[in-house]
Amino acid sequence: MAAEIAQPYPSAEVASDTLVDVRNLKVHFPIRGGLLGRTVASVKAVDGVDLTIKRGETLGLVGESGCGKSTLGRAVLQLVKPTDGSVIFEGTDLTRTSYGTLRRMRADMQMIFQDPFSSLDPRFTVGRIISEPMVNFGRGTSQEREARVKELLQVVGLNPAWVHRYPHEFSGGQRQRIGIARALALNPKFIVADEPISALDVSIQAQVLNLLADLRDQFNLTYLFIAHNLSAVKHVSKRVAVMYLGHIVELGSGDDVYANPQHPYTIALLSASPIPDPELELTRKRIILTGDVPSPVNPPSGCPFHPRCWKAQAICREVAPPLEEKRPNQIAACHFPGA
C-alpha cells in the first residue's frame, strides 16, 4: 500500500480551468455467440467522444433515448470501463490509474441517478443511506456523521427529523432530494446528474432543477447534466452538447445552440420541444424524422445521421463530417450546417 501511495498519479496536460477532459472516449459492449462464446460484434454505445468540462460550470448533454448519454456519464466516472480513450480529472487519467488511487478519487466524483425509487435501498433509513459514503471513506465519528446527515437534509429542503424514516415514506421528489444529499455527503467537486428529473412529476421538476442550480452556486459544484428534455437543460446549463448514436454532433453555449442550431439533429430536437406561447406553438413547423434510429451494432457509413436527415447528399453517406467550428464558439459535425 505504501508503495502505491508513493507513486505519482498518471497525469496529462490540461488547461487550469478544466476539471474534466474527455479524449476520444469509446465504450463498446461485446456481443458473444457460438459454442465458444466468441465476440461476434460490438454495441458501439460511445464511439470517440471529446469533451471538456470547466470548473464550476454545468455542461448539458442531450439526445434521444439510446444515444449513449448515460453510458458516457458512467464511463466518465469509471462505473463503466471504457474500451479506449482517456478521462482526465484534475490532471489524472482515470482510465490508467491504479484501483487504490481511483477509489480515493471517487470521493470527488459522485452521481445522481435517474430513478429515485430503485436507487435508494428500501431496507436502509434515510440516515444510513446518506451516511454510507462517509462510512465507506472513514469520514468522521458516528456523531459527526449523524450531524452531517441532518445538515444535508436541511440543505436539500427536507426535515432533519426525518433521518430515521425509510424511502417508502417519501414521495418521488423527496426521494430524489435524498439522492442529491447522498451525492453531497463527501463534498465532491464533480457530479454526474443522469436524467435526475425524468422520473418526477412535472410540478416537481422545476423545484429539483432550482435546487441543483442553487447547490452548484453554494458549493462551487461542476455538473454533467444528462437529459432528453431540452427545456430542462437550457434552464441549468451554460453549455450544451448534443449526442447522437454515440457521437457528439454539436456543442456550444446554450444560447447559441438554441438560437442558431447548426446540426439537423439539433434542429429536429428543438422543433419537438414545446414553446410556452400558444400562438407561436400553433404556427411553428415541426420536423418529423423519418426512419428508425440506426443500430449501434452496425452504424451507417459517413455521417451517422444521414439515413434520417433531410439535407443528406452523397458526401454525407461516404465521408464522416468532422466536429469543427461553424460559428464562433459553436462546433458541429455536419457538411451542410445551419437551418
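Please read these numbers as outputs of a predicted model, since none were measured by experiment.

The rules we used
Residues numbered from 1 in each chain as written. Predicted model: local features only at pLDDT ≥ 70, side-chain atom pairs only at ≥ 80, totals over all residues. Heavy atoms only, no water. Pairing = 2+ DSSP bridges. Helix = DSSP H or I, 4+ residues; strand = E, 2+ residues; numbered from the N terminus. Buried < 20%, exposed > 50% of the residue type's maximum accessible area, 1.4 Å probe, protein only. Lys, Arg positive; Asp, Glu negative; His and termini not counted. Salt bridge = Lys/Arg side-chain N within 4 Å of Asp/Glu carboxyl O. Polar contact = N/O pair within 3.5 Å; in protein donor to acceptor, adjacent residues only side chain to side chain. Contact = heavy atoms within 4.5 Å. 1 Å grid on protein atoms, 1.4 Å probe; cavity = no way out; pocket = protein on both sides within 12 Å on 5 of 7 lines; lining within 4 Å. Points joined across faces, edges and corners; volume = space filled by probe spheres on them. Nonpolar A, V, L, I, M, F, W, Y, C, P; charged D, E, K, R; others polar. Axes fitted to C-alpha atoms, helices over the stretch in contact; angles between N-to-C directions. Left-handed = near helix turned anticlockwise from the far one by under 90°. pLDDT = per-residue confidence, 0-100.

*Asks:* If you had to explain the pairing of strand β1 (residues 18-33) to someone new, which residues and values would you point to?
*Replies:* Strand direction decides the pairing type here: β1 and strand β2 (residues 38-54), joined by 13 bridges, are antiparallel. For G33, the partnering residue across the bridge sits in β2 and is R38. Connecting β1 to the antiparallel partner β2 that follows it, the hairpin turn spans four residues, and G34 within it adopts a positive phi of roughly 80 degrees. Pairing of β1 with strand β4 (residues 84-89), which is carried by five bridges, proceeds in the antiparallel orientation. Paired with K26 across the strands is D84, a residue of β4.

*Asks:* Could you give an account of the sheet that holds β2, with specific residues and numbers?
*Replies:* Judged by pairing direction, the sheet is antiparallel, and its four strands sit side by side in the order β2-β1-β4-β5 without closing on themselves. With one partner strand each, in any of the chains shown, β2 and β5 (92-93) form the two edges of the open sheet.

*Asks:* If you had to explain the side chain of D47 to someone new, which residues and values would you point to?
*Replies:* Tracing the chain through its elements places D47 in strand β2. In this structure D47 is buried but unpaired, with K26 as the nearest side chain of opposite charge at 4.7 Å. Within the local environment of D47, its side chain forms a polar contact with the side chain of H28, the two groups lying 3.1 Å apart. Ignoring sequence-local partners within four residues, the contact set of D47 consists of L25, K26, H28, G246 and H247.

*Asks:* Just give me the short version of empty space enclosed by the protein, but keep the residues and values in it.
*Replies:* One pass over the full model with this rule turns up one cavity of 30 Å³ or more. Here the largest cavity defines a volume of roughly 70 Å³. Every residue along the wall of the largest cavity is listed here: H263, P264, C303, H306, C309, K311, A312, C316, A333, C334, H335 and F336. Along the lines of polarity and charge, the residues of the lining of the largest cavity split into eight nonpolar, three polar and one charged.

*Asks:* How would you summarise the sheet that holds strand β12 (residues 330-332) if you had to cite specific residues and measurements?
*Replies:* On the basis of which strands lie adjacent, the open sheet formed by eight strands has the order β6-β7-β8-β3-β9-β10-β12-β11 and mixed pairing. Edge positions in the sheet fall to β6 (109-112) and β11 (324-327), since each has one partner strand and no second. Each adjacent strand pair in this sheet contributes to an overall mean axis angle of 25 degrees, direction not counted. Relative to strand β8 (residues 222-227), strand β3 (residues 58-62) runs parallel, the two being bridged by five bridges. In the sheet register, L59 faces β8, and the bridge partner there is L224. The sheet contacts of helix α2 (residues 69-76) involve β3, β6, β7 (190-194), β8 and β9 (239-244), and relative to β8 the element is tilted by about 155 degrees. Most of the contacts of helix α7 (residues 202-219) go to β8, to which it runs at about 160 degrees, and overall it touches β3, β6 and β8.

*Asks:* Give a detailed account of the pattern of salt bridges, specifying residues and quantitative values.
*Replies:* As enumerated under the stated definition, the model contains 14 salt bridges in all. We note a salt bridge from D17 to K54, for which the minimum N-O separation is 3.5 Å. Residue D17 is found in the loop between α1 (2-6) and β1, and its partner K54 is found in strand β2; the two are separated by 37 residues along the sequence. In this structure D17 comes out as partly exposed when scored by relative accessible area, which is 34%. We note a salt bridge from R96 to D93, for which the minimum N-O separation is 2.8 Å. In the salt-bridge network here, residues are joined through shared partners; they are R55, E90 and K189.

*Asks:* Summarise the packing of helix α4 (residues 126-136) against helix α5 (residues 142-155); cite the residues concerned and give the values.
*Replies:* Running from N to C, α4 and α5 cross one another at 115 degrees; their axes reach a closest spacing of 9 Å. Seen from above, α4 lies across α5 with right-handed handedness. Residues V126, G127, I130, S131, M134 and V135 of α4 form the contact with α5, whose own contacting residues are R145, R148, V149, L152 and L153. Its residues assigned to classes, the contact of α4 with α5 comprises seven nonpolar, two polar and two charged.

*Asks:* Now, about the confidence of the model for the chain: what can you tell me, with residues and values included?
*Replies:* In the predicted model, the chain carries a mean pLDDT of 90, and the fraction of residues at 70 or more is 92%. Here α1 stands out as the element of the chain with the lowest mean pLDDT, 34, in contrast to β4, whose mean of 97 is the highest. Every residue in residues 1-11 is under pLDDT 50, and counting partners more than four places away or in other chains gives 16 contacts.

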